[in-house]
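Architecture at a glance
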Amino acid sequence: MQTSSFDNFSDDWWNKDGSMRMLYSMNQTRLLFILERLSNRYGKQILKNLKNKKILDLGCGGGFLSESLATIGADITAIDSSKKLIQAAKERAKKKNLNIDYKSIGIKEIRKKKIKYDIVISLEVIEHVADYKSFLKDIFLSTKKNGLVIISTINRNYLSYLTTILLAEKIFRLVPNGVHDWNMYIKPEEILNVSKTFKFKLDKSTGMFPIPFYKNFQWIRTKNLNVNYIISLKN
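As the structure is a computational prediction, the values presented were derived from the model and not from experiment.

1. So, the overall build of the protein
Secondary structure summary: the protein contains eight helices and eight strands in total. Taking 18 Å as the expected radius of gyration for a compact globule of 235 residues, we find that the protein reaches 17 Å, a close match to that expectation. For the protein, the C-alpha atoms occupy an extent of roughly 45 × 40 × 35 Å along the three principal directions. Out of the 235 residues in the protein, the part that is buried amounts to 54%. Total accessible area on the protein is roughly 11,700 Å²; 52% of this is exposed by carbon and sulfur atoms.

2. Points about the sheet that holds strand β2 (residues 75-79)
Ordered in space as β3-β2-β1-β4-β5-β8-β6-β7, the eight strands form an open sheet in which the pairing is mixed. In this open sheet, the two strands that pair with only one neighbour each are β3 (100-103) and β7 (216-222). Recorded for the sheet is a direction-independent mean angle of 20° between the axes of neighbouring strands. Bridge count between strand β6 (residues 201-213) and strand β8 (residues 228-234): seven bridges; the pairing is antiparallel. Following the sheet pairing, G207 is matched in β8 by Y229. Helix-sheet contacts for helix α6 (residues 132-141) involve β1 (54-58), β4 (117-123), β5 (143-154) and β8, and the interaxial angle to β5 is about 145°.

3. Regarding the nonpolar core
Among the nonpolar cores identified, the biggest contains 44 residues, and W13, L38, I55, L69, I100, Y102 and I121 are the most heavily contacted of them. Elements supplying a minimum of two residues to this core: α2 (21-42), α3 (64-71), β2, α4 (83-96), β3, β4, β5 and β7. Ignoring sequence-local partners within four residues, the contact set of Y102 consists of C60, G62, G63, S66, E67, A78, I86, A89, K90 and A93. Within the second largest apolar cluster, 25 residues are counted, among which are I110, Y117, I151 and I186.

4. With respect to α4
Note that an α-helix has 3.6 residues per turn; residues three or four places apart therefore point the same way. If you check α4, its first and last C-alpha atoms are 20 Å apart, about what 14 residues at 1.5 Å a residue would give, namely 20 Å. Listed as buried for α4 are L85, I86, A89 and A93. Buried residues along α4 cover an arc of 95° about the axis, so they all sit on one side. For α4, the exposed residues set more than 90 degrees away from the buried face come down to K83, K94 and K95. At the exit of α4 stands N97, carrying a positive phi of roughly 60°.

5. Some points on the environment of K53
Position of K53 among the secondary structure elements: in the loop between α2 and β1. In contact with K53, not counting residues within four places along its chain, are Y42, I46, D75, D118 and I119.

6. Observations concerning the pairing of β4
Most of β4 is tucked away: seven of the seven residues are buried. By the bridge criterion, six bridges tie β4 to β5 in an arrangement that is parallel. If you follow I119 over to β5, its bridge partner there is L148. For the crossover from β4 across α6 to β5, the handedness is right-handed.

7. Here we look at the pattern of salt bridges
By the definition in use, this model includes twelve salt bridges. The closest approach of N and O atoms between E36 and R221, which form a salt bridge, is 3.0 Å. In this pair, E36 is assigned in helix α2 and R221 in strand β7, connecting sequence segments 185 residues apart. Using a relative accessible area of 29% as the deciding quantity, one classes E36 as partly exposed. In this structure, K234 and D203 form a salt bridge, with 3.9 Å as the shortest nitrogen-oxygen distance. Of this pair, K234 sits in strand β8 while D203 sits in strand β6; the two residues are 31 residues apart in sequence, bridging distant segments of the chain.

8. Some thoughts on the packing of aromatic side chains
According to the stated counting rule, one finds eight aromatic pairs in the structure shown. With 4.8 Å between their ring centres and 75° between their planes, W14 and F64 make a pair best called edge-to-face. In this pair, W14 is assigned in the loop between α1 (3-7) and α2 and F64 in helix α3, connecting sequence segments 50 residues apart. Taken together through their ring pairs, the aromatic side chains of W13, W14, Y24 and F64 make up a single cluster.

What counts and how
- Residues numbered from 1 in each chain as written.
- Predicted model: local features only at pLDDT ≥ 70, side-chain atom pairs only at ≥ 80, totals over all residues.
- Heavy atoms only, no water.
- Helix = DSSP H or I, 4+ residues; strand = E, 2+ residues; numbered from the N terminus.
- Rg over C-alpha atoms; globule rule 2.2 N^0.38 Å.
- Buried < 20%, exposed > 50% of the residue type's maximum accessible area, 1.4 Å probe, protein only.
- Areas by Shrake-Rupley, 256 points an atom, 1.4 Å probe, with all protein chains shown as cover.
- Pairing = 2+ DSSP bridges.
- Axes fitted to C-alpha atoms, helices over the stretch in contact; angles between N-to-C directions.
- Contact = heavy atoms within 4.5 Å.
- Core = buried A, V, L, I, M, F, W, Y, C linked by side-chain atoms within 4.5 Å.
- Expected span 1.5 Å × (residues − 1).
- Arc of directions from axis to C-beta.
- Right-handed = clockwise from strand over helix to strand, strands pointing away.
- Salt bridge = Lys/Arg side-chain N within 4 Å of Asp/Glu carboxyl O.
- Phe/Tyr/Trp six-rings, centres within 6.5 Å; stacked < 30°, edge-to-face > 60°.

Written out as structure tokens, the structure is:
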């Protein structure tokens, strides 16, 4: 994972107008998808008893998702290989009196310790991982039976290069320059091909599209998976 570059954003992570503003703006749309899939998988009552499911936020960064889930009672472990981001997230959670188990480790350590979770969520991480197949293997082997895996990332095609790199990075500077490598983007079918090996199947997938809103963006769901998308898998 490109942790050295993300270390630099620990002080700016929660600034809604800062360098991570696109991630910040995505959080609500991603969260609604996650809660919908949890409800579909385990029944609507799960949303009132999230503490009964062990959740892993893999590549949590400064804690956008972890804080949202902790606020509604989730039992959540949040890991990231960036020590600076984890430290900043811990300090923020303490100030807000949120019970989040932040750790500066990777998914391989989790798998080696044979720790398993009911739900593994990894948002905008896999496109920064050198070996996505090994990364997915570790995720699937760290998920309990009758579990749920949710991944959001960016598709790999000419349109995604145009929008996320040429426009978002180079021209409009909406995200830090150089933060993405188009060659590391992941097609949905590549995730599904690996998932079959570990007896996971598609639960639901949806595209996400940003709509300009004042100085920031609001994200809507779309059937088009050509650029940003989120996918859930179950075993």
